[in-house]
Structure formats: C-alpha cells, structure tokens
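What follows is the residue order along each chain.
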Amino acid sequence: MIVFDKVSKQFFNDTYGVKDVSFVIDSGELILITGPTGSGKTTLMRLVTKEHTPTEGEVIFDDLPLSKVKPSLLPLHRRRIGVVFQDYRLLPESNVWENVALPLLIAGKSSDEIEERVTDLLKLVKLEDKFELFPNELSGGEAQRVSIARALAVAPPVLFADEPTGNLDKESSLAIINLLKKINQLGTTVLVSTHDVVVLEEMAAARRLELKNGELVLDTQPKKRRVKKKEEEIEKKKDKPKQKKTPAKKVKKDAPKTKEKVEDLEESKPKKKGKK
Amino acid sequence: MNPFTTALTNIRRSPFQSITAMAITAVTLFVAYSFSLMILGTQQILNYFETRPQVIGFFELDASVAEINQVSEKMRQKTYVKDIQLITQEEALATYRDENRDDPLLLELVTADILPASIEVSADEISALVQVKNDLTGLDAVEEVVFQQDIIDSLTNWTTSVRYIGIATVVTLGLTSFLIITALISMKVTHRKKAIQVMSFLGASSWFIKAPFFFEGVIYGLIGSLTGWGVMFAALLYLTPWLKEFLGTISILPIPWEVFAIQLSIGTLITILLGGFAGTTAVKRMMK
C-alpha cells in the first residue's frame, strides 16, 4: 500500500526532515508513528501527500511511485488520502455540514450522494445533531471528529492523522482513538502520528514506527515489500540460463505496471457531466 | 456551494473593498465609453466636412451668365474635379430667404442683385483641393474663393489627438483597475490562505480553488462596465439638446442603438476578461 524506499528529505545543508527511511505498510493496517517533536512525523505525512518530494529514494503509494505522479494528477492522488490535523483546519466560515461536504464537492459528487454520505459520516462521528454549528461553536473533541468525518468523506483507502489528540483532553482523546480504531476495523489503513501517552497506551497493540531526528529507529512489525518478492522471482528466473533476460527487457516489463497505475489515476478523474 | 455563489458571498462579506473595485472599474469604463463616442463623433464630423463642397468660388456681382457657364465648363474639364454645382443669384436669394424666414426685416432688405452667384466644386481627393482653389482664383469672373482644407486639417488633427489621448487615458485607467482588482482579491486570498491550503490537501483542483476569485473579478468587471455605461448614457441624454445646437446641421444625433450595443458588448467583454484575469492572477501568486 505505502512503501518508503530509502527516503530522505533534506531541507538545508545538514537539516533532514527524514533520513534514509524505509518501511512497508500493508492495506488495512493500523500504524502509530511516534517520536518527539521535530523527529519527522509531519514530514512523513507530507511525503505521502506529495506536499514534499524526497531528495533521495522513492515513496510508492498503491504500487505507484509518487515521482511518476504529474502535478495535474496530484489532486486525484490527494483524494485517496484523508488527512486529519492537530489544529483541525476546519473552514471557519462553513458549518459542520459544509465542512464535511467539502471534499465531496471537490470530487464533483451529486447533491444526493453528498446528502447521503454526509449524513452517514456525521452519524459515524456522532455529530448528526450539530450539523448546523460553526467550528467556533464546537469543542476541541467535536471539531476533531468533524475533521475526521471530512477526511473520510470520499472514502479514501488511507487516513493519516497528524497528532489528532494534540489539543484534546483525555476523554476526548479516547473518543478520537476509538473512532480511529473503528475506522480501521471498517477496512481503512490508518496512520496516526503522535507522542501522546494516552494514544500510545490505548493503541499498544498497533504496529509502531518510531522516528528520531528523521531516522527510523524502531519498527515493531517490519513488513517486506510484496513487490520485492516479485523482483526476487524475477531475479531467480534471471539466474536460469534459458530465461535470462537483459536489464533493458526487465525495465520494459516493469514499465507498463507504473504506466497502468498512472492511467488508473487518470481514469479516476471525474468525468465531465453531459447535458441533462 | 458553486463558485459563483462563493464569489457573491466573498463580495458581500467585504462590501467596501468590493465597492472600491467596482467604482474604479466604472470610472475606467465611463471614460472609455465617453472617449469612444467622442472619437466616433469627431470622425463623423470629419466625414461631414469631407463630403461637403470643398471649394466655393463666389463670382463678381456683375458676372454674366455666359461668364459663369464658361467657368463651370472649364472646371468640369479638369480630371480631378468630382462634382460641380452652380448657384445663381436667384437660388442664393431663395436659400437666404429660407434661412431667414422668421425675420421679415432681413428679407425686405435683401434682393438677388446683392447676393453673388457661386460655384461649389468637389474633388476626387482632398489633395486635389489646392489645385481646384488655384484654378478658381486664376479666373477673372471669380471674386473670392473659400477653401475648407484648413478646417479639415484642423479636424483631422483634433480627431487624432482625441484618439491618442483617449487610448492613453483608457490604458492607464485600465491598468489601474487591473492592479486594484488584483490587490483587493490578493487581500482576500491572503485572508483565505489557510482555507486554500486545506482545499489543496483535500485534493481540490487548481480551478476549484481559483474559480470563486475568477468569478469575483468577473462580477467587478461586469458591474463596473454596466455602471460606467449607464452613467455615460445618462450624461449623453442630458447633453443631447446642447450638442444638437452646437453641431447645427451636422447630424450625428441620435446615435443608433446598434452603436451602443456594440460599444457595451465590447466594453463588457473586455472588463469581464480583465476582472477574471486579475482574480486568477491574484490567486495564482498565492498558490505558488
């Protein structure tokens, strides 16, 4: 699902956001990304959303190297990742309903679909009776639940929560943690970046990636890249004299896969509506 | 919420900024529309003078009919002469009477023998008028020659000046409007910077983010253009009686509605594009 292959992001001469980070996240996993402030958690998220591009290495999302995602396709890539921020980032001039509906409007969904989806999401986050309130009328926990509902609006396969409980009390934090767990159980890959002890205790069973000064110092359940296995098979075949292939052919064989993925992304572009 | 509704909401939420943008656009368009009518008007006046008899020769009072016909015949033979019209003393008196029919005293005092006959000569080209003038001056029967070239030259200079001043003024004001709309929308974009970042994170396309600001600029352009035209039209209606009196026999009023339609369409289209471009320029700078 998400692969970091020796990824580094250098900001200045000796300042790294992340440094030589490699890991594999499978679909449906619940991941905790931990580490102190400035350890690179947010940079990691920005690399996945392609707000940052790696200085070295490659980030692969759903078998598609992000370096192959053209700027014109970036919005489509971002619609596949729900992002929850520590400071919620709700639009202050829009009410709860409008905030949750925003990604659906962006994705060009019909009003019936928006109505149905927003209703379901507000039920999920238990805010169906507060749909008319504006962000400044909500508590921190409620605002964060709206933010989660908004992140889930277009049913992204991945949800990235960046310090989701950073501004919340323990009770609200627990509610958010339970909500994230529930979302994960429904099949969404959930990545939670945090250094909140409450979260760490409540999600102790989850796989944990720990960052320190931009380097990955701990992966509690390291996974191998599935693509790697395929590559190994190819390597094995290469060893057999009859099936030996030239590197050029190998590149050619791999190339269509990336091309197909880019085409998939292009196909997922909303089609222009015909005249009614 | 569609982008047009969002644009209207943005305008409603900052009324003074929006009124400033619309006012400067309206002033620009008022000046542009006024100058375009002035240019059209001066061009019409120029055409009027160019189509009139361009050289008039007045005969001696004692010139005989034979002498007058001889002059007419001589002039008619010139290749550069387009048309000739002879006005006899009786015809001159008839014209005089017609023009002064409300003043019996003047009519009583004047008789045909004190009015000179005249010859009105038009040339194919304005450049031939000097030659026509010289020809008429050289003839014994002709006492005086009135030549309108100097009037036409003066009018041509005037029209050119009006055109250049108009273009310079409209370009300057247009640029000012563009910069003011860009600055005002930039302020709004800055105010919505976080919202734009959030939308970008949520996968909003570039157009989704730009559209409300584009439409905001378009609305400023549209309202500015219609207001500017409305004020210009009202001013024209107010000045029409004075202009008619000033222009006398030069008939350019009332201006045909087709002229107004073309003027308003072109002006509105240009300002809509100008406003839209200003709006997208403002947001583009922020998105970089």
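First, a word on what this report is: a plain description of the structure on this page.

1. Structural notes on the overall build of chain B
When helices and strands are tallied, chain B shows ten helices and four strands. Ordered by position in the sequence, the α and β elements of chain B form the string α-α-β-α-β-α-α-β-α-β-α-α-α-α. Put simply, chain B has 288 residues, and 43% of those count as buried. A separation threshold of at least 6 residues defines the contact pool for chain B, and within that pool the share at least 24 residues apart is 83%.

2. Examining a nonpolar patch on the surface
On the surface, a cluster of nonpolar side chains totalling about 550 Å² of accessible area is made up of Tyr238, Leu239, Trp242 and Phe246 of chain B. One can find tyrosine 238 of chain B in helix α9 (residues 206-247).

3. Brief notes about the packing of aromatic side chains
Applying the stated rule across the entire model yields nine aromatic pairs over all chains. Taking 5.0 Å as the distance between ring centres and 75° as the angle between the ring planes, the aromatic pair formed by phenylalanine 85 of chain A and phenylalanine 201 of chain B counts as edge-to-face. Separated into two different chains, phenylalanine 85 of chain A in the loop between β6 (81-84) and α3 (96-106) and phenylalanine 201 of chain B in helix α8 (residues 193-201) make up a pair that spans both. Classification of phenylalanine 85 of chain A as buried rests on a relative accessible area of 4%. On the basis of relative accessibility, which here comes to 6%, the residue phenylalanine 201 of chain B falls in the buried class. A centroid spacing of 6.2 Å and a plane angle of 70° characterise the contact between tryptophan 97 of chain A and phenylalanine 131 of chain A, whose relative ring orientation is edge-to-face. Of the two residues, tryptophan 97 of chain A sits in helix α3 while phenylalanine 131 of chain A sits in the loop between α4 (111-124) and α5 (140-152), which places them 34 residues apart along the sequence. You can call tryptophan 97 of chain A partly exposed: its relative accessible area is 22%.

4. Digging into the interface of chain A and chain B
Interface size is commonly expressed as the accessible surface area that is lost when the partners come together. Contact residues are listed per partner, giving 17 residues for chain A and 13 residues for chain B. Taken over both partners, the interface formed by chain A and chain B buries close to 1400 Å², and the fraction arising from carbon and sulfur atoms is 67%. In this assembly, chain A and chain B are joined by zero salt bridges. The tally of links from chain A across to chain B stands at two residue pairs in polar contact (both at pLDDT 80 or more).

5. Overview of empty space enclosed by the protein
Taken as a whole, this structure holds one cavity of 30 Å³ or more when the rule is applied. The wall of the largest cavity is formed by Arg78, Arg79, Ile81, Gly82, Val83, Pro103, Arg150, Ala151 and Val154 of chain A together with Phe201 and Leu202 of chain B. Going through the elements one at a time, β6 and α5 of chain A are the ones with two or more residues in the lining of the largest cavity. In terms of residue count, the dominant contributor to the lining of the largest cavity is β6 of chain A (three residues). The residue inventory of the lining of the largest cavity, partitioned by class, reads seven nonpolar, one polar and three charged.

6. A short note on the sheet that holds strand β5 (residues 64-65) of chain A
Paired through backbone hydrogen bonds, the strands of a sheet run either parallel or antiparallel to each other. Residues and elements named next belong to chain A. Strand order in the open sheet made by the four strands is β2-β1-β4-β5, with antiparallel pairing throughout. For this open sheet the edge positions go to β2 (16-25) and β5, each flanked by a neighbour on one side alone. In this structure, strand β1 (residues 2-10) lies alongside strand β4 (residues 56-61), joined through five bridges in antiparallel fashion. Bridged to valine 3 within β4 is isoleucine 60.

7. Comments concerning the pairing of strand β3 (residues 118-123) of chain B
Residue and element names in this part refer to chain B. The element β3 is extensively covered by neighbouring structure, given that six of its six residues are classed as buried. Neither face of β3 is exposed, since Ser118, Glu120 and Ser122 on one face and Ile119, Val121 and Ala123 on the opposite face are all buried. Bridge count for strand β1 (residues 55-59) against β3 is four bridges, and the pairing is antiparallel. Among the inter-strand pairings, valine 55 is bridged to a residue of β3, identified as valine 121. Pairing of strand β2 (residues 81-87) with β3, which is carried by six bridges, proceeds in the antiparallel orientation. Directly across from isoleucine 84, in β3, lies its bridge partner valine 121.

Conventions used here
- Residues numbered from 1 in each chain as written.
- Chains lettered and ligands numbered in written order.
- Predicted model: local features only at pLDDT ≥ 70, side-chain atom pairs only at ≥ 80, totals over all residues.
- Heavy atoms only, no water.
- Helix = DSSP H or I, 4+ residues; strand = E, 2+ residues; numbered from the N terminus.
- Buried < 20%, exposed > 50% of the residue type's maximum accessible area, 1.4 Å probe, protein only.
- Contact = heavy atoms within 4.5 Å.
- Patch = residues over 30% accessible without salt bridge, like charges linked within 9 Å, V, L, I, M, F, W, Y side chains within 5 Å.
- Areas by Shrake-Rupley, 256 points an atom, 1.4 Å probe, with all protein chains shown as cover.
- Salt bridge = Lys/Arg side-chain N within 4 Å of Asp/Glu carboxyl O.
- Phe/Tyr/Trp six-rings, centres within 6.5 Å; stacked < 30°, edge-to-face > 60°.
- Buried area = accessible area lost by both parts, 1.4 Å probe.
- Polar contact = N/O pair within 3.5 Å; in protein donor to acceptor, adjacent residues only side chain to side chain.
- 1 Å grid on protein atoms, 1.4 Å probe; cavity = no way out; pocket = protein on both sides within 12 Å on 5 of 7 lines; lining within 4 Å.
- Points joined across faces, edges and corners; volume = space filled by probe spheres on them.
- Nonpolar A, V, L, I, M, F, W, Y, C, P; charged D, E, K, R; others polar.
- Pairing = 2+ DSSP bridges.

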